Amino acid sequence: MGPHPAVAAIRLAVRRVLHDVLTDVQRSSETDPPPPARPAHAPHGHAAPERAPQPLVLVACSGGADSMALASALAFEAPKLGVRAGGVTVDHGLQSGSDQRATEVVARLTALGLTPVESVAVEVGREGGPEAAARDARYAALDAAAERHSAAAVLLGHTRDDQAETVLLGLARGSGIRSLSGMAATSGVDGRYRRPFLHLDRQTARKACMVQSLPVWDDPHNADPAYTRSRLRHEGLPALEKALGKGVVEALARTAQLSRDDADALDAWAAQAESSVRDAAGLLECAKLFALPPAVRRRIVRRAAIDAGAPAGSLFARHIEEVDRLITGWRGQGAINLPGKVVAQRQGGRLVIRQG
């Protein structure tokens, strides 16, 4: 008799991602320079050839149902594929007893057979609001852990429900098709972050923990109405399902994938077109920009603003629209101030974006 369907589903999802990680590691090793040649007369007779070290995959685990289900599946699948499995839990220090919770998570991951396992304490700032600040601190800690342990990948437990919430948050911000594309299955430097559960719902992960008797921690912040995502989870999505019927979460997840495909294609078009709209000095020519489709033109403008020092997370659609009017609705208007002390202005038929 096989495992419970929920357990089988999470294991299959992790197995597929581990296969992808191994494929990427193999491709990387094929492009890396070969190691230095061994001396012709090695001591101690004929030494066996050195074996490549097994790649390490870390799981980011809060102790919640999603990440505990992910950790259990990684612990089960990794040894069968010759992959080392470890874990990291981040202590944000935002709740009383958070350090004790982190210690408990470390013990649970260790009991699953993961190694190395560590807890990382972070200081959460205030920039961008509490949710964004906590997220930034968390990813900075995970990046550092991945570098410290030379991990090939870090697995994240985001589910289809999380994806649906992300799409709705992007829709509310009016940030464009890239925002509607939600979370990528693979993201980060060199594809570091992998999200195996984006096609699985939250209940599947919770059920997998229950049938395996895995203890889970329910973060009180997930039910705190002070947080936008919490309100969306407990009020917004249920209201949508009540008005539109079941299937809203699945539809939003499909929207994310379709939007991502479109956004990727437009990004590639913009990257190819950028060199053709610059003059010999590298300045953007407004007439050539004007001839491009708006979606392509605005991507070029956004990239130029980021390259000039505007923080991507603070650069909103309204900023790009204002700069775009320098191209499409020129009436002699002055410079546009952008985040990061970046200034955009039109000079002699050129769009100049630089530090103010």
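As shown above, the structure is provided for reference.
Residues numbered from 1 in each chain as written. Predicted model: local features only at pLDDT ≥ 70, side-chain atom pairs only at ≥ 80, totals over all residues. Heavy atoms only, no water.

Trainee: Let's hear about the packing of aromatic side chains: which residues, and what values?
Mentor: One pass over the structure, following the stated rule, counts one aromatic pair. Taking NZ or CZ as reference, Arg11 lies 3.5 Å from the ring centre of Phe76, over its face. Here the guanidinium or amino end of Arg101 rests over the ring plane of Trp217, the centre of that ring lying 5.1 Å away. (Phe/Tyr/Trp six-rings, centres within 6.5 Å; stacked < 30°, edge-to-face > 60°. Lys NZ or Arg CZ within 6 Å of the ring centre and 35° of its normal.)

Trainee: Lay out the environment of Arg148 with the relevant residues and their values.
Mentor: Take Arg148: it is sitting in helix H4 (residues 130–149). Sequence separation between Arg148 and Ala256 is 108 residues, and the spatial gap between their C-alpha atoms is 33 Å. Not counting the four nearest positions on each side in its chain, Arg148 is found in contact with Glu118 and Val120. At a separation of 2.5 Å, a polar atom in the side chain of Arg148 contacts the side chain of Glu118. (Helix = DSSP H or I, 4+ residues; strand = E, 2+ residues; numbered from the N terminus. Contact = heavy atoms within 4.5 Å. Polar contact = N/O pair within 3.5 Å; in protein donor to acceptor, adjacent residues only side chain to side chain.)

Trainee: So what about the pattern of salt bridges? Which residues, and what values?
Mentor: In the structure shown here, the tally under the stated rule is 26 salt bridges. Salt bridges sharing partners connect three or more residues here, namely Asp162, Glu165, Arg202, Arg229 and Arg233. (Salt bridge = Lys/Arg side-chain N within 4 Å of Asp/Glu carboxyl O.)

Trainee: Tell me about the sheet that holds strand S6 (residues 193–194), residues and numbers included.
Mentor: Taken in spatial order, the six strands of this open sheet run S3-S2-S1-S4-S6-S5, and their pairing is mixed. Every other strand in the sheet has two partners, leaving strand S3 (117–121) and strand S5 (186–187) as the edge strands with one partner each. By the bridge criterion, two bridges tie S5 to S6 in an arrangement that is antiparallel. Along S6, the bridge assignment pairs Thr186 with Arg194. Across the sheet, helix H2 (residues 65–77) touches strand S1 (56–60), strand S2 (84–91) and strand S4 (153–155), and the angle it forms with S1 is around 160°. (Pairing = 2+ DSSP bridges. Axes fitted to C-alpha atoms, helices over the stretch in contact; angles between N-to-C directions.)

Trainee: Help me get a handle on unusual backbone geometry, residues and values and all.
Mentor: Each neighbour pair has its own omega, and for Thr115 with Pro116 the value is 0°, a cis peptide bond. For Pro116, the position within the fold is in the loop between helix H3 (98–111) and S3. Located in the positive-phi region is Ser213, a residue other than glycine, with phi close to 60°. You can call Ser213 exposed: its relative accessible area is 62%. (Buried < 20%, exposed > 50% of the residue type's maximum accessible area, 1.4 Å probe, protein only.)

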